[in-house]
Every structure is written in structure tokens, then in C-alpha cells.
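# Residue-level structural notes
What follows is the residue order along each chain.
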2 protein chains.
Amino acid sequence: MKESMSQRVERKYPGKKRVIDAAAGRRDADLVLKNASFINVFSNEICEGDIAISEGLIVGIGSYKGEREIDVSGKIVSPGFIDAHIHLESSLVSPSEFAKAVLPHGTTTVVCDPHEIANVMGTDGIDYMIKATENLPIDVHFMLPSCVPSTPEDESGAKLSFEDLDPYFENGRVLGLAEMMNYEGVCDGDKDTVSKILTSQGHHKKIDGHAPGLSGKRLNAYIAAGVYSDHECSDFENAIEKLRLGQFIMIREGTAAKNLSALISLLSPEYSSRCMFCTDDKHPSDILFEGHIDGIVKKAVSAGVDPIVAMKVATHNAARYFLLNNKGAVAPGYLADIAVLDNLENFEVKTVLKRGKVVFDNGRVTEFSSPIIDGRLREKAENSFCMRALFADDFKNNSPLGIIGLVKGEIISENLGKAENIDVSEDILKVAVVERHKNTGHIGVGFIKGYGLKRGSVATSISHDSHNIIVVGENEEDMAFAVNKVKEQRGGIAVVDNGRVLASLPLEIAGLMTNKPLLETNSLLENAKTAAEKLGVSKGVDPFMTLSFMSLTVIPEYRITTKGVFDVSSRKYVN
Amino acid sequence: MKESMSQRVERKYPGKKRVIDAAAGRRDADLVLKNASFINVFSNEICEGDIAISEGLIVGIGSYKGEREIDVSGKIVSPGFIDAHIHLESSLVSPSEFAKAVLPHGTTTVVCDPHEIANVMGTDGIDYMIKATENLPIDVHFMLPSCVPSTPEDESGAKLSFEDLDPYFENGRVLGLAEMMNYEGVCDGDKDTVSKILTSQGHHKKIDGHAPGLSGKRLNAYIAAGVYSDHECSDFENAIEKLRLGQFIMIREGTAAKNLSALISLLSPEYSSRCMFCTDDKHPSDILFEGHIDGIVKKAVSAGVDPIVAMKVATHNAARYFLLNNKGAVAPGYLADIAVLDNLENFEVKTVLKRGKVVFDNGRVTEFSSPIIDGRLREKAENSFCMRALFADDFKNNSPLGIIGLVKGEIISENLGKAENIDVSEDILKVAVVERHKNTGHIGVGFIKGYGLKRGSVATSISHDSHNIIVVGENEEDMAFAVNKVKEQRGGIAVVDNGRVLASLPLEIAGLMTNKPLLETNSLLENAKTAAEKLGVSKGVDPFMTLSFMSLTVIPEYRITTKGVFDVSSRKYVN
């Protein structure tokens, strides 16, 4: 039964009274950070004082006593960092393991778009992520995936309409509709697409954008439709056009795309209040060795950005955009989500508080119990491969097939004509995408040049955006073997040669993530990389990430799908 | 029956499609402001372009064609002005007449606290104001009165608990809880007071503050409790303390209190994003001759404030604070609430659009029909005096009574001892407050010095905050006559001498407002002032406003209530 307002008042009053009493100094605070120098996001300066915390909230700044006190003299206290847009799946680990990995970087809130898992499992994927992020020591908010499937060519595990998404907006952790990649659909007024925007607006929630290079009247149309942010700006000119028209700019610095240096001029007094930071995709080794939002702040400051501006962009601005009213400031009434840094040059995180509890200190994350996902959801996530075992013959085809030409250091590709056979001397390998959601038996085959493999095969179930299995090989027997290995380990990566598994990374959650810790996951991934490189994969080609983008039919020129090689420009199959 | 999301999508899609089509240039916009120079609140500069408007929204900036076009070359286009906190009742006219008066000043949105009428009529007063502001050409939003009655001494017409306020938060035009004047109650954790804050928070709505001079730990407590704004800063030091602790500062420039010059340093790049403008109380002649928010902007700019900063404070910042997501910017998707100004020196408003319609142009407000309030509500508002007719004897009292000493140019007063009789040669007059809501027969009598009246009597039903009738006189016969005149005309002001009405201003709506136009109301008010001055009222004393504050038992030193003279410091009755 819904709680009445009187019941709510009765339930809430005692805590509120303790907050007021602690703030007024009538009782000791639960915790006091003594002698703090803190980032004041309101007055844009460093302020001094004790920071009193009670009931998970900052209650007062001044001179306070606490039941527990931590002296933070000489350090810098900041609101916890916020990642404004991330696909958690890109870390390859479960949300619990992700939390353990980013807490040491001062992240206390992430806004996640479960786009990858939703493409595999539909609303069950969203449910899984909501469950898997309950009561973590970081707050995970959600933007609902707007484009499942991403394109008409995608054979994804599910298709999500506005009716499917509608009930999720009632969840307090759901903040809106995630990156509306189908900007063409919006600008054309396509009804299915616009309906999702109307649904989010009907719940008074946000709509994030994704519109690389969109400009002029079509950009106006996209924004007028209700899309008020963008994280796909790779040059200042496009960013400032969007900002002037009212979009918030999420400056993205992730693994595949790094836009900070191109957009650094946005981090000025004129523009910075309309900017936030996000990572979008952040792979394991990057999190381990480059950090998270803290790393972006450090980069920005070493490029000459005012540290207070950078810190606000990393904390306060995202909170304001997403209407997280009690986040993003060190002030009374705000959640005690706090990062204590050594100084404003190194940005080394020393201690992290979440809702007033120490969750990271002295190099260690405080232990916490991971949410337990049982029953049908876990079963479904860990058995997401619905396909038969494959044989070499499945990849054989006697007609000429399109050749996808890799371009070093880029995710675009070239049209290199056609081939009939694998030819290692010319670096022409076979590539295929195997449908794995609905046992359709669809296997699209083609050729790829520039990957460099000399022997064996590499397969991965991370292949954007449908996450079917993409496989490349020097021979069809190993291709079938690699795909079967991926299926058998319920997802992930396999590097095989001559009927032998050289390395593998099982990703048992929807074929995208693992319950293993990030460090272990990264080791397995690095082993697999080394194995792939030993098989000949060219320097400058990431054996798995490069592959994972080759099925994305929105990036020119040639792509491989479950139905064969696809020409992005003409939007037609080559074969 | 509640509309389903599918129904909502069907209903909303056609309009959204027209917006998108107009933005994309596939059809002509409804209206285009050609060749505009407009305030860009995002990039903090003046930008150029045509402004295309469809379906009441700005849909595009660039080069557009419209079914109707207005050339605005050489002028400045700004978002419409927002008054962040006003008691509409202080204009003495109905909301419709108020709208007609402020539209020529570019005001398109006001956030109103119906505190005065609620003190007379309780929730019926709130209902009345909600009805009376429906579909006006300005948007009237509400903050719910938090302190009815204002003090334990007040014999008001109603008492509002959190339970009474709770249902109003469901109204989309209600943005939160208005100025929490009982800051002592909040800081002490008083349950009734805190319950109102919890109720507003339970609806995810704002809580405005009112805490002159509050500082240190008690200020922390007030803010930690959830009060995130203040409009009672009269010096920079107190304002910056509040701003640093996270409160938004409403810089007030009204009739009784003018804080702009003391707070002008807040209008800097460091602090201005946390500031808005408000008038709080704005009397008829001030609106007519000083303007509204436009006047504050002009003052600020002539004091050296960057015009773009001043314009943002007057528009964008209030919209952000109150989460009016589609207001406060000239950009696609925002409401076409627009003020066209001559330039950034005069700030003369030439044309005003509300939701894309011209509502003021060429010196004329476009005609509109006032909301019709019929039945019980109107009946109640226009018959709010529940009291018997009075006689001279009602004001006679043989014991010594306290003397309230007026202080010229201030609303504080002094304790001047006691008197037994009126003594015009010493400027000792009789003053009384007559309970008028519940026919209790309570009449509090005392003396007042410094008012200057030589003959007759002045009475008004505007007397803060309960709006009983306050009357001052040189003889008891005229006092009774003046009070009876006020009652007979169903509220307002009466100036009488020797049984004759010299001037009167009827305020037939709750004894606070009239349905007459502002200009006529102001004439009657000025006539009444002149009449009062002819009876001897001292220069430098506003005959009615000064009187209206003499019943407010929160301002030191002596006040007059329905129970006699009250000592604010000791919180005891003098008699």
C-alpha cells in the first residue's frame, strides 16, 4: 500500500531532526572531516572548515565535533565524481566489480545506459542491471536504451518500443532516455523514434543525444524534438554549435573515442557550466591504469584548465543536468559523497565517502556484499547463446564475397572489392557474424584485409550493437572451433589455432561481462591479446575491439552482418 | 480516467511532428522573428539569426521562413523575465490586472506566494489564486504559504498544516513551499514546521527561505533541513555566507525592501549563476513608474553589471532553480516566452511574446479574457469580513496603554512607554487592530507616536500578516466610522474626518485586492494618500504601508495586535 504523507512525515522526521540537531551543534555529528579545504562549487573557490556529516548527509560547514573525526588538513575535499554516460558493459565486469574498480578513483555516481545487455536480453537485460546495481557503494543511475536494435540490419536479441520502456521510467534511478542514436529518425519525425522521446518527456525525464557532426536545421530539429545533450562532439566547432542551441555537452574521454583535447576550449568560464565529463566506453586496462573521471580532470588541468572549473564539470554540472538535486556539492543537505584528493595537481584519491561511509581509504575498498541475482534473470543472463554447434562448412561459400578493408587506427573501413578465397599472403582472411540469439542459423560471411592473422581464428561475442558472434580466421575449421568455444564458455573471447584454445576470456553474463574481478579479467584479456598477436594480428590493430566494431552498420564503408557484407553508403548487401 | 502513455503519444505526436518539420525547414514556422540579435544564456554572448516559432515553442535559430514574420533588426531579443518571488496581493489588483500591468515590462512568468490571501481565506485563498491565474498571458506558478498564521499571536482567518498543503503539491503549477519565515522553528527542529518541509520534499519540490541575518550553525541547520534559497539578504556578507553554503540568492528589489545595491557584487561571473531577481512586494505606483524585473535589470546595468549577466539572472537562473525546464532561454525546444528590447541600455520593452503569441506590442497589451471565478469562491473572497459594526466605545479604555514609536523610514518601532489619552499636541494617537475573520470581537487598542495625524482617522484591511483591520485616529468616533467604512466596502482603505469619508480604496477581493485596473487603483490610492496627508500624516510616513507593518509581531519593538500592544523582544503583551 502506498505510504500516506502523514506516514512519510512520521518516518522521515526523526532522521531530519537528527540532521538539524547535528547541524545546529546540539549533538555530535556522525563523522567530521576536520580542517578541510574543499571545492566550493557555488562560489568557485576553495573554502575551509570542518565538514560535519550525519545520516549520510553533509549537515554543516564550520567548527564541528563528531563521534568520529578524520583530519584532512592539507588535502582537498571534492564532491564525488560523476560519469555522465557510460555503458558499464564495456568494463567487461559485473557492476559490483566495476564499483570496486572505480571507487579508488573517487567515482561515486555513474549514469549508465544498458544498451549492450538490452540488445542481448531486452527488458530482462535492463532488469538484470537494475538488480545488479542495487545498494552498491556507488550510485548507478540509468538512461533507458533508445535504439534496440540499433539499425534495421541488426539481428539483436530484442526490440524495444516505447511501450516496453514506459514502465521503467517510474523507477527513481531511471533518469531518462539514453543516447538517441537514431538522429536521422528524429529529424525526419519518424513516429516510433519520436514516441520514445514523448514517453520520456511524459515522465518529465531527460533525453540524451548522440549525433556526431549533426548541424544546421537538422540539428535544430533534433534539439527542438527534446534532445538536450550530446557526447559525440569531436571538434570544437560542432560542440559550440550544439552548446549555443542549448545542448549540454558531455566531453567524452573513453577507450575508443577521446575528445578532451579537441574540446578543451569548452572548459572556460563562458562555456563550462554547460559541460560534463563522460567515458562512454572504458575498457579494463584503461580503468586500471588511466583511472576514470579523475584521470580526465587531471588531463584537463595539465592542459591548462582551471582546476575548480574541471572539478565542477566532473561533479556538479552532471548532477544539475540530471536533476540529482542532492549531489555534486560539499554543502549542507547534500549527500556525503566525497572524494578526498592529495592536491589539485596529482588528483590522487586518498579517501572516498559514499553517503557518509568510508568506502575507500588507504588503498583499499571497504568490503561490501554484491547484490544477489537469482532465479530466472541470472539463468537467462548466463545462458544467452541460443544456437547450434557450428562446422567448417558453415563458413564455406563458393561465390565471390565483399572484402572489408581495415584502416589502421580508425574504426571506419574500406570497400576493397571481392574475393573468393582466403589468401594469407595477401592478408585476406575470412570474417563472419553468427546469429546467436534466436537460433535462426543466420551466418553472414565475407572477407577482411588488414587484420594480419597468419593462422587460427579469433572470435568474440562483443560485436556492436547486437552482440552476435563475430569471428575472423585463416581457416574455416578453426573459425567453427572458436565460435563453438565462445558458445561453450557462454560468451566472451576465444583465440584458437589448429583445434587448440590458445587463450580465452569467458564473459558469462550475457556474453558481455564476467563476475571475475577487473584485475583478473584484464589479465585474461591481455593474455588473449598476446595470443592473437602471436597468431599474426597486425600492430596497431586491437584484435578484439577493432573486430567488435566491424558489425556496426552505421560506420562506413563495408561491414559484416548476419546476412553478409553490407555497404553502409548504399545501405545494401554486397553479396 | 488517466490517459495511458499510448494515448498521450497519439495526442502529442502531431504537434511534435509539426515542431520537427518547422525546425528542419520542411514547412514554414508559425512565426519568425527575422534578423534577431538575442541573448544566448548558454554561451553568454549576443548571437544572431532568425528565431523560428511553432506550436508555442522556439523551434530553430538560423535562416527561416514563417507564415508571419516580424523584423527585429537592431533590437535585442531576450527570454521573458521571471519574478522569482512575489506576493501578487501587494499589487492591490486581481491577477488579471496584474498581468496587464507587468506584460509591458516583459514579465512572462511570476512565482507567487499567496501568503496574504491564505491568511484571510486559508486553502480557499489558494484555490482562488489558482483559479484567478488560469490561462493568463503570463504564467503564474505557486509556492505554498508555509506560515499561516505567521506567529502564535496572529488571529488569522485560517491555520494551514502540512496536511492542508499536501494535495496542492500535485498541481503542476505548484513548485514548492514558499518562504519558510519560521526559521527559528526549523533550526529548533519543530515538528509542525519541519513536517511542511518534508511534505514538499516528498513531492520532490523546492523550499524557499526567508531568514534575515541567519548565520553560522543555525544557518547550516536551516539549509541542511532543506531550505535552498533566501530573499532576505540585505548585506553582502550574509548573502555570500548563504551562497557558499548552497542557497540560491533571490536579490530583492521591491517597494518596501530594496537590496540590489547592497548585493550588487553578487552579480559577478563567480556568483551570479546562483542569483535571481524578485520583488517580493511591489505596490501599484512602483509597477507603473519603476517597472518590474526589467527595472531591476536596468538598475543593475547602470551600476556596472554586465548586461548579459543581469539578463541571465532575470530569466535563465530562476527557470533553472525552479526546474522550469522549458523556460529561460532563446533556443529550440524552449517556450517562446520572449521580450524584445530596444537595446541593452534603456531596456525598453517593445514587444512581448507568450507561447509564441504577441501579447504586448506598440504600447498595447493584447486583449484577453480574465478567468471567471464563480460560485462559492468568489462569494467567499468578496465577503471576507465577519464582524459586527463598531462604535466609539469599542476603542475606549481607561487604563494606560503602550505607545508604539514610529521610526522614520524604517519599519521597526520603539517602546515609548505608556499613555492614557490621545494627545495631538504630542502626536500621541490611538491605534487599534480589529479582528475581522471570525467575529471574535477582539479589538486590541494602544497608542502610536510619529504618525502625525491631526484630525480624523485612517483604517486599512491590509495589515500583516493576518489582515485584520488596523486603524489609527485622533478620536474614537472617526475610528469606528473608518473601520465600518472598510467593512462596508468589503475591504481596503478609508480616510475619514468628522463622520465624512474623505477618500477610500475598496479592495473587495479578500480585503486585499480589487478587480479594478491598476491605473485606477493607483489613482484611488494616491487620492487616499493625499487625503491622509491633508489630515496631517507626517512626511516620510507612508500612511498605509507603515500602518500595515505595525501589526507584524516579528519586527521589534512594539506592535499592535487584536489583543493589544505587544513587546516583540519579550514576546509579551504590554497591557
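This text goes with the structure placed above it.
Let us look at the structure shown here. (Residues numbered from 1 in each chain as written. Chains lettered and ligands numbered in written order. Predicted model: local features only at pLDDT ≥ 70, side-chain atom pairs only at ≥ 80, totals over all residues. Heavy atoms only, no water.)

### Observations regarding the relation of the copies chain A and chain B
Rules: Least squares is the method for superposing the copies, and the C-alpha atoms it fits come from residues with pLDDT of at least 70 in both. In this analysis, two residues are considered to be in contact whenever any of their non-hydrogen atoms come within 4.5 Å of each other.
With an RMSD of 0.0 Å, the operation that places chain A on chain B is a rotation of 180 degrees combined with a shift of 0.0 Å along the axis. Such a turn and shift between the copies fits a two-fold axis. Rotation axis and chain A: the residue whose C-alpha lies nearest the axis is P269 of chain A, separated from it by 3.9 Å. Residue by residue, 100% of the interface of chain A is reproduced at the interface of chain B, so both copies engage with the same surface.

### Description of the packing of helix α12 (residues 293-302) of chain A against helix α13 (residues 307-314) of chain A
Residues and elements named next belong to chain A. Our working rule: Comment: axis = line fitted to C-alpha atoms, over the contacting stretch for helices; angle = value between 0 and 180 degrees taken between N-to-C directions. Secondary structure elements follow DSSP: runs of H or I of four or more residues count as helices, runs of E of two or more count as strands, with numbering from the N terminus. Angle categories: roughly parallel below 35 degrees, roughly antiparallel above 145, roughly perpendicular from 65 to 115, and oblique for all the rest. Less than a right angle of anticlockwise turn of the near helix away from the far helix marks a crossing as left-handed, whereas a clockwise turn marks it as right-handed. Gly falls in the polar group here, along with every residue not listed as nonpolar (Ala, Val, Leu, Ile, Met, Phe, Trp, Tyr, Cys, Pro) or charged (Asp, Glu, Lys, Arg).
Interaxial distance between α12 and α13 falls to 9 Å at its minimum, and their mutual angle equals 155 degrees. One way to sum up the angle between α12 and α13 is to call them roughly antiparallel. α12 and α13 meet at a crossing whose hand is right-handed. Counted together, I293, V297, A300 and V301 of α12 and P307, A310, M311 and A314 of α13 form the full contact between these two elements. Tallied by class, the residues present in the contact of α12 with α13 amount to 8 nonpolar, no polar and no charged.

### Some details on the sheet that holds strand β10 (residues 206-209) of chain B
Residues and elements named next belong to chain B. For clarity, the threshold we go by: Pairs of strands are assigned from DSSP output, requiring at least two bridges between the strands.
With respect to topology, 5 strands assemble into an open sheet ordered β6-β7-β8-β9-β10, the strand pairing being parallel. In this open sheet, the two strands that pair with only one neighbour each are β6 (81-86) and β10. Taking the axes of each pair of neighbouring strands and ignoring which way they run, one obtains an average angle of 30 degrees across the sheet. Where strand β7 (residues 107-112) and strand β8 (residues 139-144) come together, 4 bridges link them in parallel fashion. In the strand pairing of β8, V110 is matched with V140.

### A few points about the packing of aromatic side chains
Our working definition: A pair of Phe, Tyr and Trp rings is counted when the ring centres sit within 6.5 Å of each other, with Trp represented by its six-membered ring. The angle between the planes then sorts it: under 30 degrees is stacked, over 60 is edge-to-face, the rest tilted. For a lysine, the NZ atom is tested; for an arginine, the CZ atom; a charge sits over a ring if that atom is within 6 Å of the ring centre and within 35 degrees of the ring normal.
Under the counting rule described, the total for this entry stands at 14 aromatic pairs over all chains. Here F236 of chain A and Y271 of chain A contribute two aromatic rings whose centre-to-centre distance is 6.3 Å and whose plane-to-plane angle is 55 degrees, an arrangement assigned as tilted. Here the residue F236 of chain A occupies a position in helix α9 (residues 236-244), and Y271 of chain A occupies one in the loop between α10 (260-263) and β13 (275-278), the gap between them amounting to 35 residues. Summarising the aromatic geometry, the rings of F248 of chain A and Y321 of chain A are spaced 4.9 Å apart at their centres and angled 55 degrees between planes, so their arrangement reads as tilted. Linking F248 of chain A in strand β12 (residues 248-252) with Y321 of chain A in helix α14 (residues 316-321), this pair joins segments that are 73 residues apart in sequence. Put simply, the rings of F42 and Y334 of chain A together with Y228 of chain B touch in pairs and so form one group of aromatic residues. Sitting above the plane of the Y64 of chain B ring, K217 of chain A keeps its charged end 4.8 Å from the centroid. Sitting over the ring of F248 of chain A, R274 of chain A keeps its end group 3.7 Å from the ring centre.

### A closer look at the interface of chain A and chain B
The test is simple: A quick way to say it: buried area is the sum, across both parts, of accessible area lost when two parts are put together, with a 1.4 Å probe. Think of a salt bridge as a Lys or Arg side-chain nitrogen and an Asp or Glu carboxyl oxygen that are within 4 Å of each other.
With 66 residues of chain A in contact, the opposing surface of chain B contributes 66 residues. Interface area for chain A against chain B, summed over the two sides, is near 5400 Å², with a carbon-plus-sulfur share of 59%. The largest per-residue losses of area from chain A upon contact with chain B belong to M5, F42 and K217 of chain A, which jointly make up 12% of the total buried on that side. Where chain A meets chain B, there are 4 salt bridges. Residue E45 of chain A pairs with R244 of chain B through a salt bridge whose shortest N-O separation is 2.5 Å.

### Here's the deal with the pairing of β12 of chain A
All names here are of chain A. The test is simple: Classification of residues uses two cut-offs on accessible area relative to the type maximum, computed with a 1.4 Å probe and protein chains only: under 20% is buried, over 50% is exposed, and between them is partly exposed.
In terms of residue burial, β12 counts as a mostly covered element, since 5 of its 5 residues are buried. Residue alternation in β12 divides its side chains into two sets, F248, M250 and R252 and I249 and I251, and both sets are buried. Sheet topology places strand β11 (residues 229-230) next to β12; 2 bridges connect them, and they run parallel. Directly across from D230, in β12, lies its bridge partner I249. Sheet topology note: the β12/β13 ladder contains 4 bridges and is parallel. Within β13, the residue paired with M250 across the bridge is M276.

### Some points on the state of the cysteines
Selection criterion: Any cysteine sulfur atom paired with another within 2.5 Å is treated as part of a disulfide.
In the structure shown here, the tally under the stated rule is 0 disulfides over all chains. Distance from the sulfur of C187 of chain A, which forms no disulfide, to the nearest cysteine sulfur (C147 of chain A) is 12 Å. In this structure C187 of chain A comes out as buried when scored by relative accessible area, which is 0%. The thiol of C275 of chain B is unpaired, and the distance to the nearest cysteine sulfur, on C233 of chain B, comes to 9.0 Å. Of the residues examined, C275 of chain B reaches a relative accessible area of 0% and is grouped as buried.

### Regarding unusual backbone geometry
Keep in mind that most residues, glycine aside, have a negative phi and that most peptide bonds are trans. The residue after H464 of chain A, namely D465 of chain A, is reached through a cis peptide bond having omega -10 degrees. Note on placement: D465 of chain A falls in the loop between β22 (457-460) and β23 (469-473). In this structure, the amide linkage connecting V148 of chain B to the following residue, P149 of chain B, adopts the cis form with an omega of -5 degrees. In this fold, P149 of chain B is placed in the loop between β8 and α5 (162-165). Despite not being glycine, R490 of chain A has its phi angle at roughly 60 degrees, a positive value. If you trace the backbone, R490 of chain A turns up in the loop between α16 (476-488) and β24 (492-497). Its identity is not glycine, yet L323 of chain B carries a phi of approximately 60 degrees, on the positive side. Assignment of secondary structure puts L323 of chain B in the loop between α14 (316-321) and β14 (338-341).

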